[in-house]
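# Coordinate analysis (summary)
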Amino acid sequence: MNDDVRNIVLGVIAAAVSAALGWLSRTYLWKRRLRRRQAFFGLPDHSESLLVVNRNAGGPELSVMRHDVFALLELSALIKDCNAHAQVVAHDAARQGFGERTEFCLGGPVSNRRMEAHLSSLLPGVRVNVAAAPDDPAAGAFRIGGEDYRMDGGRSEYVLLARLTAGGRHDTRPVFLFCGQRAITNQAATRYLAREHERLARKYGTGSFVLLLKVVNSQAYGPDVVELVADVTRAARTPLPEPAAVTE
């Protein structure tokens, strides 16, 4: 074998080894990212999850609002990327506790009983003004800790994005809450989660968090412009004081 042939053979072998190492490296990195994503969402291979939705106002049939449908599509893509499966359930048909299957719960407490129960038991530091008339500026306002967050429809609206586990345990399946002041804010929160889940996983791991997001100028930008207002985990999980009794 002359030098030219030997160099060609060595070059082919080096290229094959380099290609194999590159493929193994990419496969390892892809699998590591997949495992991290699965751990964050609590969705191992072929696991089941619940998508809990509210009913559109005005009828007993399951009729999901347009923006909530878009939110479900965002979540379905995340679930599929984890090699998992999803079941869509109406808020008043979900009868299980949490921790057995990952749950994604959409909508405010007015139209979603499941969300109302989660806020009451898991986030006692959050109150949503559901008593005010629709034309009252305080309608739908959030009270978190000692702060109030009112919406200005189409201009400035708020949504809570939370990842919570039973009893604070990291080895149970989480529940994700998307509690917005309007349907478009629910979609904005799911889109934020889809875009930022890797950063959130690096910061919080498989622990709990509650984020307050602001959707800016949705009448012009839809659900795309979202600002992180604050991490309100501690305030949201600390019970609010009971209103003082009125004395005459």
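Refer to the structure presented above.
Described in the following lines is the structure provided in the data block. Treat the numbers as computed from the prediction; the structure is a model and nothing was measured.

Looking now at the overall build of the chain. Each helix and strand counted, the chain has six helices and 10 strands in total. The buried share of the chain, reckoned over its 248 residues, is 43%. In the chain, 67% of the contacts between residues at least 6 apart in sequence involve partners at least 24 apart. Per element, the accessible surface of the chain, about 13500 Å² overall, is 54% carbon and sulfur.

In this fold, Asn112 is placed in the loop between strand E3 (102–106) and helix H3 (113–122). In this structure the side chain of Asn112 is engaged in a polar contact, spanning 2.9 Å, whose partner is the backbone nitrogen of Arg114. The residues contacting Asn112, other than those within four sequence positions of it, are Val52, Val53, Asn54, His91, Cys105, Leu106 and Gly107.

This paragraph deals with the packing of aromatic side chains. Scanning the model with the defined rule gives eight aromatic pairs in all. Note on Phe104 and Phe176: the rings are 5.2 Å apart at their centroids and 10 degrees apart in plane angle, and the pair reads as stacked. A residue pair is termed long-range when its members are at least 10 positions apart, and Phe104 in strand E3 and Phe176 in strand E8 (residues 175–180) qualify at 72 residues. Comparing Phe104 with Phe176, the two get one shared label, buried. Through a chain of ring-to-ring contacts, the aromatic side chains of Phe40, Phe41, Phe104, Phe176, Tyr204 and Phe209 assemble into a single cluster. In this structure, Arg163 is placed above the aromatic ring of Phe40, and the distance from its NZ or CZ to the ring centre is 5.4 Å.

Bringing the sheet that holds strand E6 (residues 147–149) into the picture now. The three strands are arranged E4-E5-E6 in an open sheet whose pairing can be described as antiparallel. Unpaired on one side and paired on the other, strand E4 (126–128) and E6 mark the two borders of the sheet. Sheet twist, expressed as the mean angle between neighbouring strand axes with direction ignored, is 20 degrees.

One pass over the structure, following the stated rule, counts 11 salt bridges. Note that Asp45 and Arg35 form a salt bridge whose closest N and O atoms lie 3.4 Å from each other. Pair noted here: Asp45 is in the loop between helix H1 (3–41) and strand E1 (48–53) and Arg35 is in helix H1, with a separation of 10 residues, a long-range link. For Arg35, a relative accessible area of 43% corresponds to the partly exposed category. Linked through salt bridges whose partners overlap, the residues forming this network are Glu74, Arg191 and Asp224.

In terms of nonpolar packing, the biggest core is built from 29 residues, with Phe41, Leu75, Phe104, Phe178, Leu193 and Leu213 touching the most fellow members. Taken together, the elements giving at least two residues each to this core come down to H1, E1, helix H2 (66–81), E3, strand E7 (156–164), E8, helix H4 (183–204) and strand E9 (209–216). The element contributing the most residues to this core is H4, with six residues. Excluding residues within four positions of it along the chain, Phe104 makes contact with Phe41, Leu43, Ser49, Leu50, Leu51, Val52, Leu75, Ile79, Phe176 and Phe178. Counting 24 residues, the second-largest nonpolar core is a separate cluster that includes Val128, Tyr149, Cys179 and Ala236.

With 22 residues, H4 extends just 27 Å between its outermost C-alpha atoms, more than 12% less than the 32 Å of an ideal straight helix rising 1.5 Å per residue. Roughly 70 degrees is the biggest bend found in H4, and it falls at Glu196. In the segment just after H4, Gly205 is the residue with positive phi, at about 60 degrees.

This part covers H3. Residues of H3 that are buried include every one of Arg114, Met115, His118, Leu119 and Leu122, and no others. Buried positions in H3, seen along its axis, are confined to an arc of 135 degrees and lie on one side of it. Every exposed residue of H3 that faces more than 90 degrees away from the buried side is listed here: Arg113, Ser120 and Ser121. Where the residues of H3 are buried, they touch E1, E3, E4, E7, E8 and helix H6 (233–237). For H3, the capping residue at the N-terminal end is Asn112, with a side-chain oxygen 2.9 Å from the backbone nitrogen of Arg114.

Across the interface, H2 lies against H4 with an axial gap of 7 Å and an inter-helix angle of 20 degrees. Our classification of the angle between H2 and H4 gives roughly parallel. For the pair H2 and H4, the sense of crossing is left-handed. Residues His67, Asp68, Phe70, Ala71, Glu74, Leu75 and Leu78 of H2 form the contact with H4, whose own contacting residues are Ala183, Ile184, Asn186, Gln187, Thr190, Arg191, Leu193, Ala194 and His197. Here the contact of H2 with H4 is built from residues that sort into eight nonpolar, five polar and three charged.

About the cut-offs
- Residues numbered from 1 in each chain as written.
- Predicted model: local features only at pLDDT ≥ 70, side-chain atom pairs only at ≥ 80, totals over all residues.
- Heavy atoms only, no water.
- Helix = DSSP H or I, 4+ residues; strand = E, 2+ residues; numbered from the N terminus.
- Buried < 20%, exposed > 50% of the residue type's maximum accessible area, 1.4 Å probe, protein only.
- Contact = heavy atoms within 4.5 Å.
- Areas by Shrake-Rupley, 256 points an atom, 1.4 Å probe, with all protein chains shown as cover.
- Polar contact = N/O pair within 3.5 Å; in protein donor to acceptor, adjacent residues only side chain to side chain.
- Phe/Tyr/Trp six-rings, centres within 6.5 Å; stacked < 30°, edge-to-face > 60°.
- Lys NZ or Arg CZ within 6 Å of the ring centre and 35° of its normal.
- Pairing = 2+ DSSP bridges.
- Axes fitted to C-alpha atoms, helices over the stretch in contact; angles between N-to-C directions.
- Salt bridge = Lys/Arg side-chain N within 4 Å of Asp/Glu carboxyl O.
- Core = buried A, V, L, I, M, F, W, Y, C linked by side-chain atoms within 4.5 Å.
- Expected span 1.5 Å × (residues − 1).
- Bend = angle between axes of the 7 residues up to and from the residue.
- Arc of directions from axis to C-beta.
- Parallel < 35°, antiparallel > 145°, perpendicular 65-115°, else oblique.
- Left-handed = near helix turned anticlockwise from the far one by under 90°.
- Nonpolar A, V, L, I, M, F, W, Y, C, P; charged D, E, K, R; others polar.

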